[in-house]
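# Structural characterization, general
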Amino acid sequence: MTKTPAVLFVDDEEPLRIAAQQTLELADLDCTCFDRAASALAVIGPEFPGILVTDIRMPGMDGTELLRAALQKDPEFPVILVTGHGDLDLAVGMMREGAYDFIEKPYAPERLVDAVRRGLEMRRLTIENRTLRSEMAPLIGAKDGLRGFSPEMETVRKQIRAVAASDADVLIVGDTGTGKGLAAQAVHAASKRADRPFVAINCAALPSDMIESELFGHEAGAFAAAARARAGKFEHARRGTVFLDEIDSLPLALQAKLLHAVETRSISRLGSHDRIDLDVRFIAASKSDLEAAAAKGTFRGDLLYRLNVVTIRMPSLAARRQDIPMLFLTFVAQMADRYDQPVPQVPGAVLDAFAARDWPGNARELRNAAERYVLGLPDAADQATPSSGTLVERVAEHERALIAASLAANAGRLKDTYEALGISRKALYEKMQRYGLDRESFVEPDN
């Protein structure tokens, strides 16, 4: 069986190190022990997939100093402190400084294993989120992570910037493929919670018999298969953001529990009456009309009004056709890079045909079409009816889209843009002014 990522265990007492290693390895947890803090610290870094368990009282660098040093390397690194009875107040204080958990000596083996499993799950989610953000980076354009120079997208970006400055809960509505997940990521990335977890939950994909346990966690023995306690996804998101995608698919009974969590910012695990405080922001997304669902009784109206403090409506591609040529050219460049191929030229007639298509799958469908184009596969949109308008109007539309695409590809750098387009600086300035293109809309954000 493949073992989980390493647990770093630090204690200056050899018998305790041996006991801890045996306990964790019996639970199929890979453990590496150290007798000094500095040796463990050398292993820790943003890419390290494990966690740290450390005694507080040690010669040289003690556990509190090791905690602070580890969090300097990675503020989201889970550190579990092992403390004696006299150090309880100190351990609680360290929790405020960022410790993940603490265990009081003498501890039962199950207590150590449970804390370690929860810490490893937290670490897995953190690294998963970082990987997701990295994979999304090529799809993220200027101004808060969503490409497009249409008035509809500028409105979305303004809403994201405004709501990110607060801690208000957000409801994002829009058709499939309109970028609801990207918008949620953008709100989180621009908020004060940006360095904390972003826990995305697809409510439609959760097993019906495990939804409550997945969200709220459970105690050992809460149900037949609950051999050990487990933290839910809400706990893993502490001080971060919970993104509830396809929230309309949640059963009504679970909606009631979610309403309580949103109202009180607290939960109780299955099988427990103990309250666990939540410091999280909730972002929900739905492709269906929740107000209509509330009127029909399939979605709780009180939950809707708790979540839609701010509502962001994502426009379909059909509602912002002027963005389609730029988006398609952007996706073509990305797919050419993915397949290590030269970027193919896209004739204006093809862009015209693509802009005329309705794209019910929105950006996701457009990206698939770009992938087929790069691979040289035919696409139905190649034969779509061209857009209406005079020749002058259609040429102007394509010229605007091509300039916008070049500005996006060059992150708003004007010199690179007019050189790539083969025109003069003056000509670029005049065309940008004529088409209402603002360089600042294409500058990549600092973070």
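The rules behind these values
- Along each chain, residue indices are assigned from 1 in the same order as the chain's sequence is written.
- Local features are withheld for residues below a pLDDT of 70 in this predicted model, meaning they are given only at 70 or higher, and side-chain atom pairs are given and counted only at 80 or more; totals for whole chains, interfaces and linings count all residues.
- Heavy atoms throughout the structure, all of them, feed into the side-chain values; hydrogens and water do not.
- Secondary structure counts use DSSP, requiring at least four H or I residues in a row for a helix and at least two E residues in a row for a strand, with both numbered from the N terminus.
- Note on classification: 1.4 Å probe, protein chains only; a residue is buried when its accessible area is under 20% of the maximum for its type, exposed when over 50%, partly exposed between these limits.
- Residue contacts follow a heavy-atom distance rule, with two residues in contact if any of their heavy atoms lie within 4.5 Å.
- Each accessible area value is a Shrake-Rupley result obtained with a 1.4 Å probe; residue values ignore everything except the protein chains displayed when judging cover.
- Residues scored as positive are Lys and Arg, those scored as negative are Asp and Glu, and His as well as the terminal groups of each chain are ignored.
- The atom standing in for a charge is NZ when the residue is Lys, CZ when it is Arg, CG when it is Asp and CD when it is Glu.
- When the centres of two rings from Phe, Tyr and Trp lie within 6.5 Å, Trp using its six-membered ring, the rings pair. Their planes under 30 degrees apart give stacked, over 60 give edge-to-face, and anything left gives tilted.
- Whether a charge sits over a ring depends on NZ of Lys or CZ of Arg being within 6 Å of the ring centre and within 35 degrees of the ring normal.
- At least two bridges found by DSSP between two strands are what make those strands a pair.
- We call a set of buried Ala, Val, Leu, Ile, Met, Phe, Trp, Tyr and Cys residues a nonpolar core when their side-chain atoms join them within 4.5 Å.
- Just to be clear on terms, a salt bridge is a Lys or Arg side-chain nitrogen sitting within 4 Å of an Asp or Glu carboxyl oxygen.
- Each axis is a line fitted through C-alpha atoms, taken for helices only over the stretch in contact, and angles between the N-to-C directions span 0 to 180 degrees.
- Roughly parallel means an angle under 35 degrees; roughly antiparallel, over 145; roughly perpendicular, 65 to 115; everything else is oblique.
- Should the near helix be turned anticlockwise from the far one by less than a right angle, the crossing is left-handed, and should it be turned clockwise, the crossing is right-handed.
- Polar here means any residue outside two lists: the nonpolar Ala, Val, Leu, Ile, Met, Phe, Trp, Tyr, Cys and Pro, and the charged Asp, Glu, Lys and Arg; Gly therefore counts as polar.
- Polar contact criterion, stated in full: a pair of N or O atoms within 3.5 Å, where within protein one must be able to donate a hydrogen and the other to accept it, and residues adjacent in sequence count only if both atoms are side-chain atoms.

### Things to note about the overall build of the protein
A tally of regular secondary structure across the protein gives 19 helices and twelve strands. Taken over 447 residues, the protein has a buried fraction of 49%. Restricting the contact set of the protein to residue pairs at least 6 apart, pairs at least 24 apart contribute 71%. Working note: accessible area of the protein is about 20800 Å², and carbon and sulfur atoms make up 53% of it. The average position of the 55 basic charges and that of the 65 acidic charges among the side chains of the protein differ by 4 Å.

### Quick look at the packing of aromatic side chains
For the structure shown, the criterion picks out seven aromatic pairs. Taking the centre distance of 6.1 Å and the plane angle of 40° together, the rings of Phe48 and Phe77 count as tilted. Of this pair, Phe48 sits in the loop between helix 2 (37–41) and strand 3 (51–55) while Phe77 sits in the loop between helix 3 (63–73) and strand 4 (79–83), placing them 29 residues apart in sequence. Phe77 matches Phe48 in its accessibility class, with the two residues each being buried. Judged by centre distance (6.0 Å) and plane angle (25°), the rings of Phe198 and Phe243 are stacked. Here Phe198, found in strand 7 (residues 198–202), pairs with Phe243, found in strand 8 (residues 241–245); they are 45 residues apart in sequence, far enough to count as distant. Assessed through its relative accessible area of 1%, Phe198 is described here as buried. The class for Phe243 is buried, based on a relative accessible area of 5%. Here a set of aromatic residues connected by ring pairs shows up, and it is made of Phe328, Phe354, Trp359 and Tyr373. In this structure, Lys257 is placed above the aromatic ring of Phe216, and the distance from its NZ or CZ to the ring centre is 4.6 Å.

### Describing the pairing of strand 11 (residues 281–286)
Counting buried residues along strand 11, six of its six residues qualify, which places the element largely inside the surrounding structure. Sheet topology places strand 6 (residues 170–173) next to strand 11; four bridges connect them, and they run parallel. Paired with Val170 across the two strands is Ile283, which belongs to strand 11. The pairing of strand 8 with strand 11 spans four bridges and is classified as parallel. Pairing of Thr241 across the sheet is with Arg281, part of strand 11.

### What about unusual backbone geometry?
Of the consecutive residues Lys105 and Pro106, the connecting peptide bond is found in the cis state with omega at -15°. Within the fold, Pro106 resides in the loop between strand 5 (101–104) and helix 5 (109–136). One non-glycine residue, Asp28, lies in positive phi territory at about 65°. Here Asp28 is to be found in the loop between helix 1 (14–26) and strand 2 (29–34). Even without being glycine, Arg239 reaches a positive phi, approximately 65°.

### A look at the nonpolar core
Formed by 34 residues in total, the largest nonpolar core has its most connected members in Phe328, Val346, Phe354, Leu366, Leu437 and Phe442. Listing elements by their share of this core, those giving two or more residues are helix 14 (324–338), helix 15 (348–356), helix 16 (362–374), helix 17 (391–409), helix 18 (414–421) and helix 19 (425–435). At nine residues, helix 14 tops the list of elements feeding residues into this core. Discounting chain neighbours no more than four positions away, the residues touching Leu366 are Leu317, Ile324, Leu327, Phe328, Phe331, Phe354 and Trp359.

### Regarding the pattern of salt bridges
The full count for this structure, using the stated rule, is 27 salt bridges. Between Arg111 and Asp101 there is a salt bridge, with its nearest N and O atoms 3.6 Å apart. Of this pair, Arg111 sits in helix 5 while Asp101 sits in strand 5, placing them ten residues apart in sequence. You can call Arg111 partly exposed: its relative accessible area is 30%.

### Observations concerning the environment of Gly86
With respect to the helices, strands and loops of the structure, Gly86 is situated in the loop between strand 4 and helix 4 (88–97). It is 9.6 Å that separates the C-alpha atoms of Gly86 and Glu104, two residues lying 18 residues apart in sequence.

### Side note on the packing of helix 14 against helix 16
Running from N to C, helix 14 and helix 16 point in directions that differ by 50°, and their axes come no closer than 8 Å. With respect to helix 16, the axis of helix 14 lies oblique. Crossing of helix 14 against helix 16: the hand is right-handed. Contacts between helix 14 and helix 16 involve Ile324, Leu327, Phe328, Phe331, Val332, Met335, Ala336 and Arg338 on the former and, on the latter, Ala363, Leu366, Arg367, Ala369, Ala370, Glu371, Tyr373 and Val374. Here the contact of helix 14 with helix 16 is built from residues that sort into 13 nonpolar, no polar and three charged.

### Quick word on the side chain of Ser191
Following the sequence through the fold, Ser191 ends up in the loop between helix 8 (180–189) and strand 7. Judged by relative accessible area, Ser191 falls into the buried class, the value being 10%. Among the polar contacts made by the side chain of Ser191, one reaches the main-chain carbonyl oxygen of His188 at a distance of 2.8 Å. In terms of polar contacts, Ser191 uses its side chain to reach the backbone amide nitrogen of Arg193, at 3.1 Å. In contact with Ser191, not counting residues within four places along its chain, are Ala164 and Arg281.

### A look at the side chain of Thr178
When you line up the elements, Thr178 lands in the loop between strand 6 and helix 8. Within the local environment of Thr178, its side chain forms a polar contact with the backbone oxygen of Asp175, the two atoms lying 2.7 Å apart. When neighbours within four sequence positions are excluded, Thr178 is seen to be in contact with Met314, Pro315, Ser316 and Asn362.

### Looking at the sheet that holds strand 8
Strand pairing within a sheet occurs via backbone hydrogen bonds; the two strands may be parallel or antiparallel. Ordered by their spatial adjacency, five strands build an open sheet running 7-8-11-6-12, and the pairing between neighbours is parallel. Unpaired on one side and paired on the other, strand 7 and strand 12 (310–313) mark the two borders of the sheet. This sheet shows a mean twist of 20° between the axes of neighbouring strands, independent of strand direction. Summarising the sheet, strand 7 and strand 8 pair through five bridges and their orientation is parallel. Among the inter-strand pairings, Ile201 is bridged to a residue of strand 8, identified as Leu244. Across the sheet, helix 7 (residues 151–164) lies against strand 6, strand 11 and strand 12, angled at about 155° from strand 12, the strand it touches most.

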